[in-house]
Amino acid sequence: MAKHHVSAVINGEPTEFLCETQQTMLDVLRDEIGLTGSKEGCASGDCGACSIIVDGRLVCSCLMLGCEADGTTITTIEGVAQGDHLHPVQQKFLEHAALQCGFCTPGLIVASKALLDENPNPTEEEARYWLAGNLCRCTGYDKVIRAVMDAAAVMRGEKVA
Amino acid sequence: MPSLNYAAPTTVDEAVKLLAGATGLAKVLSGGTDLLVQLRSGRLRPDLIVDTKKLPGIMAISGSAATGFTIGAATPGAVIEANEALKQAWPGVVEAMDLIGSTQIQGRATLAGNLCNASPAADSVPALYAAGATAVIVGPNGKRELPVEQVPTAPGRTSLAKGEFILEFKLPPRPANSGDAYLRFIPRTEMDIAVVGCGINVTLDANGTCTAARVSLGAVAPTVLLVDAAAKTLIGHKLDDATLKALDAAAQAACKPIDDKRGTIVYRTKVAGVLARRVAAIAFDRALGKAGATTH
Amino acid sequence: MNYVSSDLKVVGTRPIRPDGVEKVTGRAQFGADMRMAGMIWGKVLRSPHAHAKILSIDTSKAEKLPGVKAVVTAKDFPHIANEEAFVGEGPMNFRDLSRNCLAWDKALYEGHAVAAVAAATPAIADAALELIDVNYEVLPYVIDVEDAMADNAPVLHEDLFTAGVEPKPTKPSNIAKVVTFKKGDAEAGFKDADVIIEGRYTTKAVHQAYIEPHACLCWHNPDGQVMIYSSSQGHFMVRAYCSKLLGINIANIRAVPLEIGGGFGGKTLVYLEPVAIALSKKAGRPVKMQMTRDEVFRASGPTSGATMEVKLGAKKDGSIVAARQVLKYQAGAFPGSPIGPGCMCGFAMYDIPNVDVVGYDVVSNRPKVAAYRAPGAPISSWAVECALDDLARKLGKDPIEIREQNGARNGTKTHYGPTHQNIGFLETLKAAKNHPHWQAPLKPGQGRGIACGFWFNIGGESSAGCHIGEDGTVVAVSGNPDIGGSRASIGMMVAEVLGVPAEQVRTIIPDTSSIGFSFLTGGSRVTFATGMAATQAAERVVEDLKRRAAQIWEIPVEAVEWKDGKAYPAGSNAGAFEPLDLATLALRAGRTGGPIGAEVSLNAQGAGPGFGVHIADVEVDHETGAVKILRYTAIQDVGKAIHPSYVEGQIQGGAAQGIGWALNEEYIYDKNGKMDNSGFLDYRVPVASDVPMIEAVMVEVPNPRHPFGARGVGEVPIIPPMAAIGNAICAATGVRLHDLPMSPPKVRAALDEVAPKMAAE
């Protein structure tokens, strides 16, 4: 089959790309569009390192075909900051040292942003269960959860950034 | 090198034609959370993928508890979870679907995919069986309805004929004093395939005596089981210690599990009894209208 | 110079790490993110058999497939001699490493690399692999360590004879070596004991499970120069291994360290780089390779599983008079399990007069083990710390007090030779005893356990430098890939010495051609050894700055002091000069001797050992055997926390890995000798909802051999969790588990076994 010609809005930019049927959205982001922030940790939807937001929903880009993206609106890690203005989740990850090697960080940040977009006031348990699909091997999750809860407080206006 | 074709039909007729007319192996794509894993591992080598998500209504929920709900086959779990009316009437079905995988999986996974992947350990399936759901199937010979428990026939196999796929699910109207629940046992707190799953749906009379029940067990046999013998231990009884003991025994007796990397025969059988008791307690509480009867 | 008692301004604070923003925005380049024009894709063909002779490999059909640019097998690697390597972490043999990268005459485990292709697209490379015909003669295989030790076991290597045994054996064996450590007379000690505790304990193989699979991009130029872009725990290690395995001059290889997505010891050696270079040489193109998750599990380096016996003998008053351990560790397909450190660490925390440890390094048909965070120690401590808990219970003693009573202190001679100096074990135990967690009430059905860990930490060869920019801002250079926040801590130490804010220092990690040699990132050595080199480099710069100020002021250099980033005249007699800051001196560098900078290469000695004490509270579901961790506290002597957030991070991360090792992680093999759970679905690492907050408590007993008192911290925290949780389960249920992981079916089975007895009581 000839390659698919796909049009989508990615990080606010109208984007067109060509892809083969078997290329996942993760393959497309990394190999066709050059957005390597989303990572391949397992290619089977078990680690969350490839997390993106498609039409407002958090998904694993490794479990979506590139050709399914036609007509969708997608946010990747590269679109979370607004220019050089970091999202509160990104800022709090830095302040709390919620990353060590940084490989799972893009997926965690996208997933955390999706959490706070849907639930601005999560409990610790809710945050942990929401993020259960994002594996981290370095941090033991402690500082990650603290960063997310702190970012949530900032976004609710309860404290200054 | 074989190439893989992809189509995203916008009408049911088009979809049926593509599937029925495929010369090689054709697979339906709804959420893709099983299909893409199987593609990547090489377990499946289809020639054609038919994406059903552009079919009208296939990602929508309609109806009510009184008239019965209709759930589009490709509705993602996240949408099912967000539907308050559905959650009120069928908390067991919703929580079972919600347990599948991670939040990311929930953004894509569907009831149809979970059912037709026909894993013995599928989470939403025992709850759908217990609910008495039917699958509305379309194909070259038109539309038909089938109780969901007649769809999976063996691990990875369904009773659907070539060219057929599920368009939507129907849940029956909800009698008063009814409640359903689903629990699974997994070694971690998330992200595991069920070692045992149990879905129970009951209707009680004003005294709390069970008048109708369906009990379903997952991951303890080649397909998800509807366990009549277990249901019979509930019907006509209140949920007292004797009933629980009988339910536990009936659940254990129905198990035909295997030893695999997820559990042993001995363990699965014991835990089936444990879960049946715990699920029944929640289902009964919900039927009695007890607030706070949630699983997590 | 020693800054331990100084009034520190930067060290000990928590600035934002210099490489943070690129990591939270997805811009940082990891191993698989590198691209190059003309790049092609490499893939590996792996043995489907656990043990087989390779009779022939026919690559002709694959070579003809359009889009295939090169195919390689072991024939494309030079045959090298049997030679010990001191390049990586733990024992290694160059010839074995070569055979592990591409099999010679035998496939020794399922997943063993047999051939590789490079092609225009990943899909073509995959198709080419299917066209390679390998003629195998399948052999019987052996997986478990005791099975592999049996007389009639299938032998993996006909030229492997057990070392450490007299007389020298003439029959090949799967036992690569036997090591023994003796102190005093254990037999006599046991006779003297009032109480004996014995137990047999097992562990399963576990994987470091870093989220980033191995990946590299390599380019063999026609002129013989090689560029390697990869993520690793040591780019000098990558260079050295590739040089040796392929017969390329070291100076012709330039290894560029990309960001690394976790290593924990598993990336202290090479799998893909030599293969990619060989493919690149044949194809004349840059070759990119990355492992799938399945390949990572099957064909990189998990740690050993083991079978152990432990025996403790004590007096009624609680003093331990004798201790014995027999340790049998799996090495995987080639010799080199961490049996040495395993033998050393189990009893190293205690002052025991009579000790006898015997260890076996045993090969079997599974992937060759690699280092995993304190290699060998978590395994031996699992047995010792559980036995010690049983001993405390039998004697009616508090588990912390029995450890205080028998704990190593300054002057204690270990059973493996060295004498403990400047250690903080007793301080760590005291901190545990005084921590609110230890006294917090428990509900019925809940249990609390405690366990300890020791790791000796290493120093070694490191290079680091410090260069002053023309505007007075500072570039610090480190020879070590950053796996835990060392860019931050090195920059902070340099900033402290120079007396400038942390933000004025930028730390980078140059390639192997741009900085002196540094031994790899492992052994908890970088903050210690590379930090020491960086500190000394900054000190040299300070001396140079003082000399330049003296020159400008025309006063003797002894009359200049450096404080808070400025040169001052030392006292009013030196002259009334305005202080000169870094920017001013940098501006005048040309007229005061030239560019300002220093690089130091050293072999750091005096690494301080670390001790950890962990407290775990659990709740056990008796019907399902599920164990819930309610509360977890990890207390550790860290010497001096240079950047406390990253030290806490090491403690929390290590503890979480230990929790996974304790409860659910294991290699499961099917009846064909193949790994059955080679993915994150069924290889069950802890997820965010599995663990509570992990409170990290840092005790600081400074290591006097480091300028700021630092000790290595990264490895200790993975050692205590398994026994802490096992002891907590025992406290909650009365049942002692001996086999890891303590997964729900095992817990339920153990409870069922004692239930009739308990019901009868």
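Cut-off values and rules
Residues numbered from 1 in each chain as written. Chains lettered and ligands numbered in written order. Predicted model: local features only at pLDDT ≥ 70, side-chain atom pairs only at ≥ 80, totals over all residues. Heavy atoms only, no water. Core = buried A, V, L, I, M, F, W, Y, C linked by side-chain atoms within 4.5 Å. Buried < 20%, exposed > 50% of the residue type's maximum accessible area, 1.4 Å probe, protein only. Helix = DSSP H or I, 4+ residues; strand = E, 2+ residues; numbered from the N terminus. Domains from an automatic or database assignment. Contact = heavy atoms within 4.5 Å. Buried area = accessible area lost by both parts, 1.4 Å probe. Salt bridge = Lys/Arg side-chain N within 4 Å of Asp/Glu carboxyl O. Polar contact = N/O pair within 3.5 Å; in protein donor to acceptor, adjacent residues only side chain to side chain. Nonpolar A, V, L, I, M, F, W, Y, C, P; charged D, E, K, R; others polar. Pairing = 2+ DSSP bridges. Axes fitted to C-alpha atoms, helices over the stretch in contact; angles between N-to-C directions. Right-handed = clockwise from strand over helix to strand, strands pointing away.

Chemist: When you look at the nonpolar core in this model, what are you seeing that I'm missing?
Modeler: In summary, soluble globular proteins display a tendency toward joint burial of nonpolar side chains. Grouped together as the largest cluster of nonpolar side chains are 205 residues, with contacts concentrated most on A:Phe93, C:Tyr241, C:Leu391 and C:Ile725. Among the elements that line this core, the one with the most residues is helix α11 (residues 377-395) of chain C, at 11 residues. Residue contributions to this core reach at least three from each of two domains, namely domain 1 (4-79) and domain 2 (88-155) of chain A. For C:Tyr241, the contacting residues outside a window of four places in its chain are C:Ala85, C:Val87, C:Gly88, C:Met92, C:Phe94, C:Leu97, C:Thr268, C:Leu269 and C:Val270. Counting 78 residues, the second largest nonpolar core, distinct from the first, contains B:Leu29, B:Leu36, B:Ile80 and B:Ala109.

Chemist: I keep staring at the interface of chain C and chain A and nothing clicks. Help me out?
Modeler: The parts lose accessible area when they come together, and the size of an interface is often stated as this lost area. Listed by partner, the interface residues are 52 residues for chain C and 45 residues for chain A. Across the chain C/chain A interface, buried area totals approximately 4100 Å², and carbon plus sulfur atoms make up 58% of it. Sorting the residues of chain C by area buried against chain A places C:Val24, C:Ile211 and C:Met693 first, and these three jointly supply 18% of that buried surface. At the junction of chain C with chain A, the criterion picks out 5 salt bridges. Between A:Arg137 and C:Glu665 there is a salt bridge; the shortest N-O distance is 2.8 Å. One can count 21 residue pairs in polar contact (both at pLDDT 80 or more) joining chain C with chain A. Those elements giving two or more residues to the side of chain C that touches chain A turn out to be α1 (20-24) and α18 (644-663) of chain C. The residue makeup of the side of chain C that touches chain A, split by class, is 28 nonpolar, 15 polar and 9 charged.

Chemist: Would you take a moment to explain the sheet that holds strand β14 (residues 225-226) of chain B for this structure?
Modeler: Note on sheets: strands pair through backbone hydrogen bonds, and any given pair is parallel or antiparallel. Residue and element names in this part refer to chain B. The strand order β11-β12-β13-β14 describes an open sheet built from 4 strands, whose pairing is antiparallel. Here the strands that pair on one side only, and so sit at the sheet edges, are β11 (178-185) and β14. Against the sheet, helix α8 (residues 124-131) engages β11, β12 (196-204), β13 (210-218) and β14, with an angle of about 155 degrees to β13.

Chemist: Help me out: how do you make sense of the interface of chain B and chain C in this one?
Modeler: In this assembly, 18 residues from chain B lie in contact with 24 residues from chain C. The junction of chain B with chain C conceals about 1900 Å² of combined surface from both sides, 52% of it contributed by carbon and sulfur atoms. Our count for the contact surface shared by chain B and chain C stands at 9 salt bridges. If you look at where chain B meets chain C, you find 14 residue pairs in polar contact (both at pLDDT 80 or more). Looking at which element gives the most residues to the side of chain B that touches chain C, the answer is helix α11 (residues 265-287) of chain B, with 6 residues.

Chemist: Please explain the domain arrangement of chain A as it appears in this structure.
Modeler: Residue and element names in this part refer to chain A. Taken domain by domain, chain A comprises domain 1 (4-79) and domain 2 (88-155). On a C-alpha basis, the centres of domain 1 and domain 2 stand 21 Å from each other. Across the boundary between the two partners, domain 1 contributes 14 residues, which contact 13 residues of domain 2. Taken over both partners, the interface formed by domain 1 and domain 2 buries close to 1000 Å², and the fraction arising from carbon and sulfur atoms is 74%. At the surface where domain 1 touches domain 2, the tally comes to 0 salt bridges.

Chemist: Looking at this structure, how should I read unusual backbone geometry?
Modeler: In most cases, non-glycine residues show a negative phi, while peptide bonds are predominantly trans. With omega at -5 degrees, the peptide bond leading from C:Glu166 into C:Pro167 counts as cis. Locating C:Pro167 in the fold gives a position in the loop between α5 (145-149) and β9 (175-183). Between C:Leu740 and the following residue, C:Pro741, the backbone shows a cis peptide bond with an omega angle of -10 degrees. Structurally, C:Pro741 is set in the loop between α19 (721-733) and α20 (744-760). The backbone of A:Tyr141 sits at a positive phi, close to 70 degrees, despite the residue not being glycine. Tracing the backbone shows A:Tyr141 in the loop between α4 (124-130) and α5 (142-155). By relative accessible area, A:Tyr141 is classed as buried at 2%. Despite not being glycine, C:Ser524 has its phi angle at roughly 55 degrees, a positive value. If you trace the backbone, C:Ser524 turns up in the loop between β21 (505-508) and α16 (526-553).

Chemist: What should I look at first to understand the pairing of strand β17 (residues 354-363) of chain C in this one?
Modeler: Both faces of the sheet carry side chains from a regular strand, because those side chains alternate between them. Residue and element names in this part refer to chain C. Of all 10 residues making up β17, 9 are buried, and the element is well covered by its neighbours. Two elements, strand β16 (residues 320-332) and β17, share 10 bridges in a ladder whose sense is parallel. Opposite Ala322, over in β17, you have Asn354 as the bridge partner. For the segment spanning β16, helix α10 (residues 339-345) and β17, crossover handedness is right-handed.

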